[in-house]
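Okay, here's what each chain looks like letter by letter:
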Amino acid sequence: MARAVVIGGGIGGLAAGAALRRKGWEVIVLERAPAIEPVGSGLAIAANALKALDVLGVGDRVRSLATAEGRLGLRRADGRWLTHTTEAAADAKYGDSVVIMLRATLMDVLADALGRDHVRLGTTVSDVDAEKGLVRTSEGDVEAELVVGADGIHSATRAALFPAHPGPVYSGVTAWRGLVPRGGLDVPRSESWGRGLVFGIHPLAGDIVYVYATDVLPAGTVHADEREELLRRFGGWHDPIPALLRAADPARIIRNDVYRNAEPLPAFHRGRVALVGDAAHAMTPNLGQGACQAIEDGVVLAHHASAAASDGGLAAYSAARGERTAKIVQRSWTLCRMSKLRHPLAVGLRDFGVSAAARLSPDLMLRSMDEVLGWRPPAEAAR
């Protein structure tokens, strides 16, 4: 049985490991953390990723967490809708809508799909030999027909494969994320834009609301009380944003700078090593596709990977994923730049343009995502 070693036990690594196991590979996932902790907050699993999760046998488990409630879309700081759609419309068009869920829950789902006995915790990787498929770890060397670099945005595997690549760059925005008790509030699923500011609210299963926000700040900016900073920025925005922030536990608000790959990699593989997720195509979160693309990567990699082919099928994987993810990285960055606008005239023109386009084409919000959400797994697309 051919062996695959996956470096990193995040979403991309677990998805790739689960997909490869279903194709008959012996899989070992190496994770340097001592445990897979329930870190992070919420994330979006859109129609394309749900189709990929179906390949792993867990799509319906994730769909069961959906909390469809009326319309969703983009708003101004005063609450006026710029463009919106509904869960029903999205489902009718793509056969699925979007599930907003806890990151920790998705990790549990993927770990179950892989099999938790295939994860080696507390194992640090120090080097990778791409030609031999050799991984040097704190527990000794491991050799494999396939090595998967799923070690995140600051991937050491990527740096070893492509040392001339500049790596991720700061996008110019800092992001806050948190989980807040709903407390009987009316919480329409929406993202609201102001002058360089963004605030998103999404109800989750279990009477919890996932909130996130961004602002244009120098990299590394830290505040003594991040919740107070959020209230200072968003306390005058439309309901229920102020109430949600007042209900938030300051200790559970996560803040991090947002990085992206400004320059695409020349390939997603070299030798016996393939890259997935942020290690391959770090993007801003504006399209909600970071986790979705990592899951797609795992399914497509398993479809193409072969222990027998001269290049292990990795050239086909690179070809299948490179152009698609580069477009999505760029589209997400375009939205990020639009959300960063601060000048009142530029903001007014942006909001007017979005609103006018939505009036002329009511299904604009969905149609603009056709290329992203209409994706199908390779085996299904070939039929």
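Residues numbered from 1 in each chain as written. Predicted model: local features only at pLDDT ≥ 70, side-chain atom pairs only at ≥ 80, totals over all residues. Heavy atoms only, no water.

By the naming in an unreviewed UniProt entry, the chain goes by NAD(P)-binding protein and is assigned to Nonomuraea composti.

## So, the overall build of the chain
How we decide: Working definition: helices are DSSP H or I runs of at least four residues, strands are E runs of at least two. Numbering for both runs from the N terminus. Our radius of gyration is a C-alpha quantity, and the globule rule it is checked against amounts to 2.2 Å times the number of residues to the power 0.38. The cut-offs for exposure are 20% and 50% of the maximum accessible area for each residue type, with area from a 1.4 Å probe on protein chains only; residues under the lower value are buried, those over the upper are exposed, and the others partly exposed.
A tally of regular secondary structure across the chain gives 15 helices and 18 strands. Computed over its C-alpha atoms, the radius of gyration of the chain comes to 21 Å, within 12% of the 21 Å expected for a compact globule of 383 residues. Dimensions of the chain along its principal axes, counting C-alpha atoms only, are 60 × 50 × 40 Å. The buried share of the chain, reckoned over its 383 residues, is 54%.

## With respect to empty space enclosed by the protein
Short version of the rule: Detection works on a 1 Å grid of protein atoms alone, calling trapped sets that fit a 1.4 Å probe cavities and calling open sets with protein on both sides within 12 Å along at least five of seven lines pockets, with lining residues defined by an atom within 4 Å of a point. Grid points are joined across faces, edges and corners, and a volume is the space filled by probe spheres set on the points. Here the term charged refers only to Asp, Glu, Lys and Arg, the term nonpolar to Ala, Val, Leu, Ile, Met, Phe, Trp, Tyr, Cys and Pro, and the term polar to all other amino acids, Gly among them.
With the rule as written, the count across this model stands at one cavity of 30 Å³ or more. For the largest cavity, the calculated volume is near 80 Å³. The set of elements that each furnish at least two residues to the lining of the largest cavity consists of strand E12 (169-181) and strand E15 (208-216). Ranked by residue count, the leading element in the lining of the largest cavity is E12, at five residues. Residues of the lining of the largest cavity, tallied by class, amount to 11 nonpolar, one polar and three charged.

## Let's talk about the pattern of salt bridges
Note the following rule: Think of a salt bridge as a Lys or Arg side-chain nitrogen and an Asp or Glu carboxyl oxygen that are within 4 Å of each other.
By the definition in use, this model includes 23 salt bridges. Put simply, Glu296 and Arg321 hold a salt bridge, and the shortest N to O gap is 2.7 Å. With Glu296 in helix H10 (residues 290-304) and Arg321 in helix H11 (residues 314-339), this pair connects stretches of sequence that are 25 residues apart. On the accessibility criterion, Glu296 (0% relative accessible area) is buried. Under the relative-accessibility criterion, Arg321 is labelled buried at 1%. The salt bridge involving Asp351 is made with Arg350; its shortest N-O contact spans 3.0 Å. Given a relative accessible area of 7%, Arg350 falls into the buried group.

## Digging into unusual backbone geometry
The linkage connecting Asp239 with the following residue, Pro240, adopts the cis geometry, with an omega of 5°. If you trace the backbone, Pro240 turns up in the loop between helix H7 (226-234) and helix H8 (241-247). Located in the positive-phi region is Asp207, a residue other than glycine, with phi close to 60°. Take Asp207: it is sitting in the loop between strand E14 (198-204) and E15.

## Overview of the layout of surface pockets
Remark: the empty space left among the atoms is shown by a probe the size of a water molecule rolled over them. By volume, the second largest pocket amounts to about 210 Å³. What lines the second largest pocket is a set of 16 residues, among which Pro264, Leu265, Thr325, Ala326 and Val329 lie closest to the centre. When contributions to the lining of the second largest pocket are tallied by element, the ones reaching two or more residues are helix H9 (278-281) and H11. With six residues, the single largest contributor to the lining of the second largest pocket is H11. Classifying every residue of the lining of the second largest pocket gives nine nonpolar, six polar and one charged.

## Here we look at the environment of Leu106
To be explicit about the condition: Whether two residues touch is decided by their heavy atoms; if any such pair falls within 4.5 Å, the residues are in contact.
Structurally, Leu106 can be placed in helix H5 (residues 103-114). By relative accessible area, which is 0% here, Leu106 ends up buried. The spatial distance from the C-alpha of Leu106 to the C-alpha of Ala280 is 21 Å, given a sequence separation of 174 residues. Sequence-distant contacts of Leu106, that is, excluding residues within four places in its chain, are made with Ile11, Leu43, Ile45, Met101 and Ile295.

## Examining the sheet that holds strand E8 (residues 125-129)
Rules: Following DSSP output, two strands are said to pair if at least two bridges run between them. Geometry is summarised by axes, namely lines fitted to C-alpha atoms with helices restricted to the contacting stretch, and by angles between N-to-C directions that run from 0 to 180 degrees.
Ordered in space as E8-E9-E10, the three strands form an open sheet in which the pairing is antiparallel. At either end of the open sheet lies a strand with only one pairing partner, and these are E8 and strand E10 (140-143). Here the strands of the sheet are splayed against their neighbours by 20° on average, with no regard to which way each runs.

## Quick notes on the side chain of Gln289
Tracing the chain through its elements places Gln289 in the loop between H9 and H10. For Gln289, the residues in contact, after removing those within four places along its chain, are Ala46, Asn48, Met283, Ile328, Val372 and Leu373.

## Side note on the environment of Asp311
Counting through the fold element by element, Asp311 comes out in the loop between H10 and H11. Among the residues examined, Asp311 registers a relative accessible area of 32% and is labelled partly exposed. Considering only alpha carbons, one finds Asp311 and Tyr212, 99 residues apart in sequence, at a separation of 42 Å.

## Re the UniProt feature "domain: FAD-binding" (unreviewed entry) in the chain
For the record, the criterion: UniProt positions are given in the numbering used here, feature names are shortened, and annotations may be inferred rather than shown by experiment.
The UniProt entry lists residues 4-161 and 267-332 under the feature "domain: FAD-binding" (unreviewed entry), expressed in the numbering used here. Here residues 267-332 runs as 58% helix and 8% strand, with 20 Å between its end C-alpha atoms.

## Remarks on helix H4 (residues 87-94)
For clarity, the threshold we go by: Think of the arc as the fan of directions from the helix axis to the C-beta atoms.
Residues Glu87, Ala90 and Tyr94 constitute the buried set of H4. Looking straight down H4, one finds that the buried residues subtend no more than 65° of arc, so they occupy a single side. Opposite the packed face of H4, turned more than 90 degrees from it, sit the exposed residues Ala88 and Ala92. Looking one or two residues past H4, Gly95 carries a phi angle of roughly 80°, positive in sign.

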